[in-house]
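Summary of the model geometry
So you can see what is in the structure, the chains are spelled out below.
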Amino acid sequence: MKKVRLLSLLSVTALVTTVLVTAPTIANAAPACDGKSPIQSCVGVTSDGAPYAMQVPANFNGTVALYSHGYRFNVDIPAGIPLIGGYKITNTPEPIPGGNMAVAQYFFSQGVAIVGSGFARQGWNPDSAIKTNVELIDTFKKQFPKTTKVVAWGSSLGGVITQGLAEKYPELISAAAPMCMADNITPQLTMAGDFLWGVKVLFDPTIKGGNYSAGAAGVGESYTDLVKVFTVMGKLQAALATGAWPDTSSATGKALAAAGVPSRSALLLLGLMAGLPTQSAHFDSISGPEGALKLTFPLALSPALAILENGTEAAALAIMATQDVENQVGGAIFDNTKTDYAARVDGERVIYNAALSGNTVIDALLGALSAANPGAPRAVANPAAVAKMNALHSNTGKINVPTVLMVGMADPITPAGASQRLVDLYAEQYAAEKAAAFKAYRTSGYAAPANKLLMLWNPSPDSYTKFNEAGSPITSTPAAQGTRHCNFTSAQLVLVAKSMVQASNTGKLPSGGALYTAVRKAGNLSVDKGIRAPWLKSYGDN
Amino acid sequence: MKAMNRRKLITASAVLAVVGLAATALPAQAAEVGVSSTQIKLGMTLPMTGTASLGYNKIPGAAKAYFDYLNANGGINGRKITLVVKDDRYVPTEAVSKTNELILKDKVMALLAPLGTANVKAVASSVNPARRGIPVLFINTGFSGFADTKKYPTTYTVLPSYVMEAKIMGEYIKENFAGKKIGLLYQDDDFGVDALAGFKAAGTTFAIKVPYASGSQGAAAAAGWITKFKAAEADVVILFGVSSATSAMLGVAAQLKYAPQWMLGSVGGDATTIKLTGVPAGVLYNAIGFSPVPATTDMNDEYVKFFSDIYAKALPGSAFDLNVLLGMNTAFMTAQALKAAGPNPTRKSLMAAIDSKGATFASSALVPAGYSKTSHVGLTGYWVGKYAPTGDLAPIGGTYVTYTTDSGSGPVVKSTYKRPPMPAKGLPN
């Protein structure tokens, strides 16, 4: 197989969201508005220093959509670092996802205003971001007294912030839409940390992988880790067909190599342990080129290639987010001393048995990664730092207002399981509300509780890996729907926006035939209640 | 929703009750996904193309042959059976994709006879038929774990489990090859895990065990296997793998003139399939084999005669082999389950019918089925045979001696099971 240029194709746009509006400088002053028509633009800074932007149509009907952007690195990334180098920290406000004008136009056509801030700090920030949003809502209402309803939405970490706002301040908003929502901090960073730890102990033990030094020294260590991880991923990619191990492999890794374990099987197992999807931007784990590899490619190679694409993004997040959170809480936060990785892959080892090279190889890998092997030392967290991390904002999953969730089924950064968790918790909540309604029926009459949750799944196509005439996979095509992080079309975003606006107007989410028609028109979405995404692995069996 | 007071609620309930009563008096009508007034739609995924498809790709044609016969004779309460077949190439992720299509696009009532342990597991975890209440009938895998009704509440096995097969093999070895060196070739996944568990329960000790990773089987691999078996001086070599592994092994063994006493597992033991790969029939001669259904050449058996006649009319020129017989038998059992599910079958009533009556369904199998309200275990045993010079499996001594056991620690015993006679015209009563 020819060398696949995977790494050059990995996008970081999902992590570093597009910025829109020039930031103002004076904190806590009234917004500065340009008074233009048909769209009036206002900018300002909240009391915590978060710049914000508002855009209000001339036909403003009293509803405003508050958008929360996703994770932005909290440090600059030097230009020399592959893939994500050259990033400059920014708190430029983002009132609409990715500056998507089609979505903005939809809102304006309905008389809905848009607003969003760039938040006071980047990195993991729900605590401060929720406060910023509360203040921003108040500021908007004061500036535009006609305001009657606020709908809140956000992507990725912005989904956590949006859900948090709906949980803590339901009186402020009438509908919410967390999209490609991250899970709470511990399961989210555990997922990324599990993969990074595996890469370290098998492929390059000089990767630090956490427990970074405080301050600038730790930032420097994280830069070094980024380079090392990207380098080792490149080596794994180059040797994917042969199964050779990187020259930087640990003694444990070299022993596995000597025993005939292919490196691609090791890489796949790490991805499955962490819970990464086996479908990625360009690899569907189904298709194969015509000829001898027609069956072998999807059975033995494609799942590992998908983990290579997805894992590189996950590892980058693991390094930068771990460094950021450790800096916030004062010590190491990833701990896998009690993790049973064999249990983690129990359900998948038979499904990917061929790509994992059979039970003998799987057992050898799991033995090498077990806590009993001193050659694969487990990561130990700082209890005080973990306690501080646990005190950071966490969502309970309570649904207080009509809520729309949307997620790609193969999102490698914020797995669909994070949204599934809310679906499952809401099923329990709804059952309890229904039971309470029945109980109240004898005294006050029966009122069935209204459904407050709409789940929009964004599945990947049945098959989408393309091959050139030589039989090599093509990775220069756009990422498939349902893959990559927050990879939504304008039509899908507009559907979410419409659903929120409808719910804010009527108190009801779209349903029945109207919903199915809208979903079909938006394309590549499903509301099938039979779909079930696994929760993030650190929740255990569920 | 507006509040509804108690009086209105009672009135509404009464109206609904009347509507319900009226509905039961109406003739057959659509009441379940995949069931209309004129048809019942079932879906099947299995390898139709690719290296793993050999032999197994005859199963859909066999099932359709029986369903066509059934449809021509009135169907099930006037409804014709439609079988939608999708090719999964034996790739688990593709099985997931194709099963999703069957459920979401084709809107089938039930999934029928999906093939392969990994594929069925992948579908169970990713498509979640249990959560959707979709029956997964008569799966083409003998992995014992699928009989776990808590984990797979809508799945019904039909083949005897690999544990049962290994236990019966172990018992045969004990009685006939005591003191001989035994070698085992097995697939290095749950298929093999089951086999190893069965042999362990039977107390079989091996001179050598050779695992192969699924997908790695081929001529080059087979040469390596033979080297290992030769080095271990195995007198008896058990091939407990898929057809492509058995064929590769026997083909290379013929070239190398390596001829231990072969013992073939039922999954990879269909002679027609093996011969199609170019393995000479003579290589199979005197090999020991196992089957839960009669020999496919036994035209004195009423079921074999009946099914082979239908198949010959439906697909003239296509050989009637073990995969065909099992495929037709599965369709035959499915028809009985649908008939027993009532005039307007639902997914629930279909499963309830198998739970309550499945153990008494007519079937070509020579061993009993274990269906009940608490068990989704299918057939529970095998007869032992030897391959004739033509390559066909026939009972040793000319008489079927069947053995039955369980997937646990239960003993292997000779079965006294009396098979129900074929219903009139081979149609469900």
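Keep in mind that what you see is a predicted model, and the values were worked out from it rather than measured. (Residues numbered from 1 in each chain as written. Chains lettered and ligands numbered in written order. Predicted model: local features only at pLDDT ≥ 70, side-chain atom pairs only at ≥ 80, totals over all residues.)

A few words now on the overall build of chain A. In terms of regular secondary structure, chain A is built from 14 helices and 11 strands. What you see for chain A is a C-alpha radius of gyration of 24 Å, in line with the 24 Å of a compact globule of 542 residues. Its C-alpha atoms give chain A principal-axis dimensions of roughly 70 × 55 × 50 Å. Residues counted as buried form 54% of the 542 residues belonging to chain A. Expressed as a percentage of contacts within chain A between residues at least 6 apart in sequence, the contacts between residues at least 24 apart total 75%. (Helix = DSSP H or I, 4+ residues; strand = E, 2+ residues; numbered from the N terminus. Rg over C-alpha atoms; globule rule 2.2 N^0.38 Å. Buried ≥ 20, exposed ≤ 12 C-beta atoms within 10 Å, placed from the backbone. Contact = placed C-beta atoms within 7 Å.)

Further remarks concern the overall build of chain B. The number of helices and strands found in chain B is 14 helices and 14 strands. Against the compact-globule benchmark of 22 Å for 429 residues, chain B has a radius of gyration of 23 Å, which places it among compact chains. Counting across all 429 residues of chain B, residues that qualify as buried make up 57%. Counting contacts in chain B only where the partners sit at least 6 residues apart, residues at least 24 apart contribute 72% of the total.

Before going further, it helps to spend a moment on the packing of helix α6 (residues 162-176) of chain B against helix α7 (residues 190-202) of chain B. All names here are of chain B. With their axes 7 Å apart at the nearest point, α6 and α7 run at an angle of 40 degrees to one another. Here α6 is positioned oblique relative to α7, judged by the angle of their axes. Between α6 and α7 lies a crossing of right-handed hand. Each of Y162, V163, M164, E165, A166, K167, G170 and E171 in α6 lies in contact with α7, whose residues at this interface are F191, D194, A195, A197, G198, F199, A201 and A202. Residues that form the contact of α6 with α7 fall into these classes: 10 nonpolar, two polar and four charged. (Axes fitted to C-alpha atoms, helices over the stretch in contact; angles between N-to-C directions. Parallel < 35°, antiparallel > 145°, perpendicular 65-115°, else oblique. Left-handed = near helix turned anticlockwise from the far one by under 90°. Nonpolar A, V, L, I, M, F, W, Y, C, P; charged D, E, K, R; others polar.)

Each partner contributes residues to the interface: chain A has 27 residues there, and chain B has 32 residues. Of all the elements in the fold, those that place two or more residues in the side of chain A that touches chain B are α8 (293-329) and α10 (359-368) of chain A. Ranked by residue count, the leading element in the side of chain A that touches chain B is α8 of chain A, at six residues. Among the residues making up the side of chain A that touches chain B, the classes are represented as 13 nonpolar, 10 polar and four charged.

Summarising the element assignment, G98 of chain A is placed in the loop between β4 (63-68) and α1 (101-109). Between the alpha carbons of G98 of chain A and H69 of chain A there is a distance of 8.4 Å; along the sequence they are 29 residues apart.

Another aspect to go through is the pairing of strand β10 (residues 288-291) of chain B. All names here are of chain B. In β10, alternate side chains face the same way, and those of I288 and F290 on one face and G289 and S291 on the other are all buried. Bridge count between strand β9 (residues 261-264) and β10: two bridges; the pairing is parallel. Opposite M263, over in β10, you have I288 as the bridge partner. Sheet topology note: the β10/strand β11 (residues 381-387) ladder contains four bridges and is antiparallel. Within β11, the residue paired with S291 across the bridge is W383. (Pairing = 2+ DSSP bridges.)

Let us now look at the domain arrangement of chain B. Residues and elements named next belong to chain B. Partitioning chain B into structural domains gives domain 1 (39-160 + 298-379) and domain 2 (163-291 + 384-414). For domain 1 and domain 2, the distance between their C-alpha centres works out to 26 Å. Contacts between domain 1 and domain 2 engage 19 residues on the former and 20 residues on the latter. (Domains from an automatic or database assignment.)

Attention now moves to the domain arrangement of chain A. All names here are of chain A. When its domains are assigned, chain A resolves into domain 1 (32-183 + 399-537) and domain 2 (186-390). Centre-to-centre, using C-alpha coordinates, domain 1 lies 30 Å away from domain 2. Contact residues are listed per partner, giving 32 residues for domain 1 and 34 residues for domain 2. Looking at side-chain class alone, the side of domain 1 that touches domain 2 contains 19 nonpolar, 10 polar and three charged residues.

Considering every residue of chain A, the mean pLDDT works out to 93; 94% of them sit at 70 or more. Here residues 1-21 of chain A is a poorly scored stretch, pLDDT under 50, and it has 61 contacts once near neighbours within four places are set aside; other chains count. (pLDDT = per-residue confidence, 0-100.)

Another point: the packing of α8 of chain A against helix α11 (residues 383-390) of chain A. Residues and elements named next belong to chain A. The geometry of α8 relative to α11 is characterised by a closest axis approach of 9 Å and an angle of 100 degrees between their N-to-C directions. On the basis of the axis angle, α8 is roughly perpendicular to α11. Judged by residue contacts, V325, E326 and V329 of α8 engage A385, K388 and M389 from α11. Among the residues making up the contact of α8 with α11, the classes are represented as four nonpolar, no polar and two charged.

The subject of this paragraph is the sheet that holds strand β2 (residues 80-87) of chain B. All names here are of chain B. In spatial order, the strands read β2-β1-β3-β4-β5; together these five strands make up an open sheet with parallel pairing. One side of each edge strand has no neighbouring strand; the edge strands of this open sheet are β2 and β5 (155-157). Neighbour-to-neighbour, the strand axes of this sheet turn through a mean angle of 25 degrees, independent of strand direction. Pairing geometry for strand β3 (residues 110-112) and strand β4 (residues 136-139), over two bridges, is parallel. Residue L112 lies in a different strand from β4, and its bridge partner there is L137. Packed on one face of the sheet, helix α2 (residues 59-72) meets β1 (39-46) and β2 and runs near 165 degrees to β2. Seen against the sheet, helix α3 (residues 92-105) touches β1, β2 and β3 and runs at an angle of roughly 170 degrees to β1.

Counting 296 residues, the largest nonpolar core has V496 of chain A together with L185 and M328 of chain B as its most contacted members. Ranked by residues supplied to this core, first place goes to α8 of chain A with 20 residues. Once residues lying within four places of it in the same chain are set aside, the contact partners of M328 of chain B are A62, A63, A65, Y66, F307 and Y311 of chain B. (Core = buried A, V, L, I, M, F, W, Y, C linked by C-beta atoms within 7 Å.)

This part is about the sheet that holds strand β7 (residues 175-179) of chain A. Residues and elements named next belong to chain A. Strands sit in the order β1-β2-β3-β5-β4-β6-β7-β8-β9 across an open sheet of nine strands; the sheet is mixed. Of all the strands in the sheet, just β1 (32-33) and β9 (453-458) have a single pairing partner and so form its edges. Where strand β6 (residues 149-155) lies against β7, five bridges are found, and the strand directions are parallel. If you follow V151 over to β7, its bridge partner there is A175. In this fold helix α12 (residues 416-444) packs onto β8 (403-408) and β9, with an angle of close to 150 degrees to the strand it touches most, β8.

What follows concerns α1 of chain A. Residue and element names in this part refer to chain A. Buried within α1 are the following residues: V103, A104, Y106, F107 and F108. For α1, the elements touching its buried residues are β2 (39-45), β3 (51-57), β4, β5 (113-117) and α13 (490-506). Phi turns positive one or two residues past the end of α1, at G111, with a value near 80 degrees.

All names here are of chain A. Along the chain, the position of P277 falls in the loop between α7 (263-274) and α8. When the C-alpha atoms of P277 and A304 are compared, they prove to be 10 Å apart, with 27 residues separating the residues in sequence. The contact partners of P277, leaving out residues within four places of it in the chain, are A306, N310, A410, P412 and P415.

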